[in-house]
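Tertiary structure, described
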Amino acid sequence: MSFRKIIGYYEEVHGNCVEADKCQYLHSWFKGHGVFKLAELNGHIKAISGIVFPSGSEKLYTASRDGYIRVWDCHTGQCDGVVNLGGEIGSLISAGPWVFAGIKDVVKAWNIESCANLSLDGPVGQIYAMVVDHDMLFAGAENGTIYAWKANKETNAFELATTLGGHNCAVVSLTVGVGRLYSGSMDNTIRVWDLNTLQCIHTLKEHASVVRSLVCWGPYLISCSLDQTIKVWFATEAGNLEVTYTHNEEHGVLALFSMFDSEGKPILLCSCNDNSVRLYELPSFTERAMIFAKEQVRAIQIGPGGLFFIGDGTGQVDVWKWQAEPTSLAS
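Cut-off values and rules
- Residues numbered from 1 in each chain as written.
- Predicted model: local features only at pLDDT ≥ 70, side-chain atom pairs only at ≥ 80, totals over all residues.
- Heavy atoms only, no water.
- Helix = DSSP H or I, 4+ residues; strand = E, 2+ residues; numbered from the N terminus.
- Buried < 20%, exposed > 50% of the residue type's maximum accessible area, 1.4 Å probe, protein only.
- Contact = heavy atoms within 4.5 Å.
- Areas by Shrake-Rupley, 256 points an atom, 1.4 Å probe, with all protein chains shown as cover.
- Pairing = 2+ DSSP bridges.
- Axes fitted to C-alpha atoms, helices over the stretch in contact; angles between N-to-C directions.
- Phe/Tyr/Trp six-rings, centres within 6.5 Å; stacked < 30°, edge-to-face > 60°.
- Salt bridge = Lys/Arg side-chain N within 4 Å of Asp/Glu carboxyl O.
- UniProt positions renumbered as here; feature names shortened; annotations may be inferred.
- Core = buried A, V, L, I, M, F, W, Y, C linked by side-chain atoms within 4.5 Å.

Here we look at the overall build of the protein
Each helix and strand in the protein was counted, giving one helix and 29 strands. Residue burial in the protein is summarised as follows: out of 331 residues, 53% are buried. Long-range pairs, those at least 24 residues apart, make up 41% of the contacts in the protein between residues at least 6 apart in sequence. As presented, the protein carries roughly 14800 Å² of accessible surface, and 48% of it is formed by carbon and sulfur atoms.

So, in structure tokens, the structure goes:
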């Protein structure tokens, strides 16, 4: 389930490259240690807007602003399917056997097991962010509204349950954690919603520009913005969220993604406005590595066996893998 043929070839040819980060081939886009590039997936002609690896699947799905979803075989690395959605794709997520693609005024959904194909109507404008919590699908739209659909297991469909209003501009980031839905917007705010009541309980205004991405890490919320900061939030005893740490980036931050390295250490991947992806150890924010892309990276996803995928503005998807840290012999 993990690009087996590609991994075998690149580990054999490049796994011990003596040129390291000076290599003019695969290593030319990397600085640091702990990860190496396996392959490039080409086919899209515009920026990648989403990457998903559905649970239990042997297919990788990539979405682009070119209006296409490409389906990649994980054994060969070859594209064996293309879906034309007829419009720019703003976001792509998966939950169980379902894959959801957000385009202008609609969310397309299909079940990779039953082959059910649905159109979820209701949104106004482009869909920039989506997230699933239990049996609810939330989608952030261009008009500043969050649309919520509830799964109907009897009909195998999704029904529009409610809408969440409050943002003054487009909702561009969503995440869930510990009974809360968090939404980031181009109005520079983060709204916190109670998932039981679907009511807004907090509005966070510490960012000075659009809140591009949100990640829940244990009891913490991590947010990033084009204001050149990454903020770490923690709930006080009174239930309010306060910033406990601010990490400054010289360039604005476009996207965040959290994962574990080969040793189980938590890592935060930060896509920056200078076409780089920085890998930080948490909670120290010690820089572990830096990956350079041809253009801005706005889509990151993890896969099995230490794999992760990065999609850039040219439409290229790069496959990376964590490598085990060398161990020293006890004297």
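Quick look at the sheet that holds strand E9 (residues 106–111)
Reading across the sheet, the four strands line up as E7-E8-E9-E10 and stay open at both edges, with antiparallel pairing between neighbours. With partners counted over all chains shown, the strands left at the sheet margins are strand E7 (91–95) and strand E10 (117–121), one partner each. For this sheet, the mean inter-axis angle between neighbouring strands, taken without regard to orientation, is 20°. Relative to E9, strand E8 (residues 98–103) is paired through six bridges, and the arrangement is antiparallel.

Looking at the packing of aromatic side chains
In this structure the tally under the stated criterion is 11 aromatic pairs. With a centroid separation of 5.4 Å and 85° between ring planes, the pair formed by phenylalanine 100 and phenylalanine 158 is classed as edge-to-face. Here phenylalanine 100 is found in strand E8, whereas its partner phenylalanine 158 is found in strand E14 (residues 157–164), with 58 residues between them in sequence. Given the relative accessible area of 2%, phenylalanine 100 is considered buried. Judged by relative accessible area, phenylalanine 158 falls into the buried class, the value being 14%. Between tyrosine 245 and phenylalanine 285 the ring centres are 5.3 Å apart and the planes differ by 35°, which places this aromatic pair in the tilted class.

Topic: the pattern of salt bridges
In the structure shown here, the tally under the stated rule is 13 salt bridges. We note a salt bridge from arginine 288 to aspartate 261, for which the minimum N-O separation is 3.0 Å. Within this pair, whereas arginine 288 is found in strand E26 (residues 286–292), its partner aspartate 261 is found in the loop between strand E23 (253–260) and strand E24 (266–272), the two being separated by 27 residues in sequence. Between aspartate 274 and arginine 278 there is a salt bridge, and its shortest N-O distance comes to 3.4 Å. By relative accessible area, which is 27% here, aspartate 274 ends up partly exposed. Here arginine 278 falls in the buried class, since its relative accessible area comes to 12%.

Quick word on the UniProt feature "repeat: WD" (unreviewed entry) in the protein
In the numbering adopted here, UniProt assigns the feature "repeat: WD" (unreviewed entry) to residues 41–73 and 164–203. As a span, residues 41–73 carries 0% helix and 55% strand, and end to end its C-alpha atoms are 11 Å apart. Secondary structure across residues 164–203 divides into 0% helix and 60% strand, with the first and last C-alpha atoms of the span separated by 13 Å.

Observations regarding the nonpolar core
In globular proteins that are soluble, nonpolar side chains generally tend to be buried together. By size, the foremost hydrophobic cluster in this structure holds 17 residues, and its most contacted members are Leu269, Val277, Leu279, Ile291, Phe308 and Ile310. Within the residue set of this core, elements represented by two or more residues are E23, E24, strand E25 (276–281), E26, strand E27 (297–302), strand E28 (307–312) and strand E29 (317–322). Judged by nonpolar contacts, the second largest core, of 16 residues, contains Trp98, Ala116, Leu137 and Ala139.

Description of the environment of glycine 96
Relative to the helices and strands, glycine 96 resides in the loop between E7 and E8. Separated by 39 residues in sequence, glycine 96 and serine 57 have C-alpha atoms that sit 9.6 Å apart. Setting aside anything within four residues of it in sequence, one finds glycine 96 in contact with Pro54 and Ser55.

Some details on the pairing of strand E6 (residues 79–84)
Sheet analysis places strand E5 (residues 68–73) next to E6, joined by five bridges and oriented antiparallel. Bridging from a neighbouring strand, isoleucine 69 pairs with valine 83 of E6. Between E5 and E6, which pair antiparallel in sequence order, lie five residues; one of them, glycine 77, sits at a positive phi of approximately 80°.

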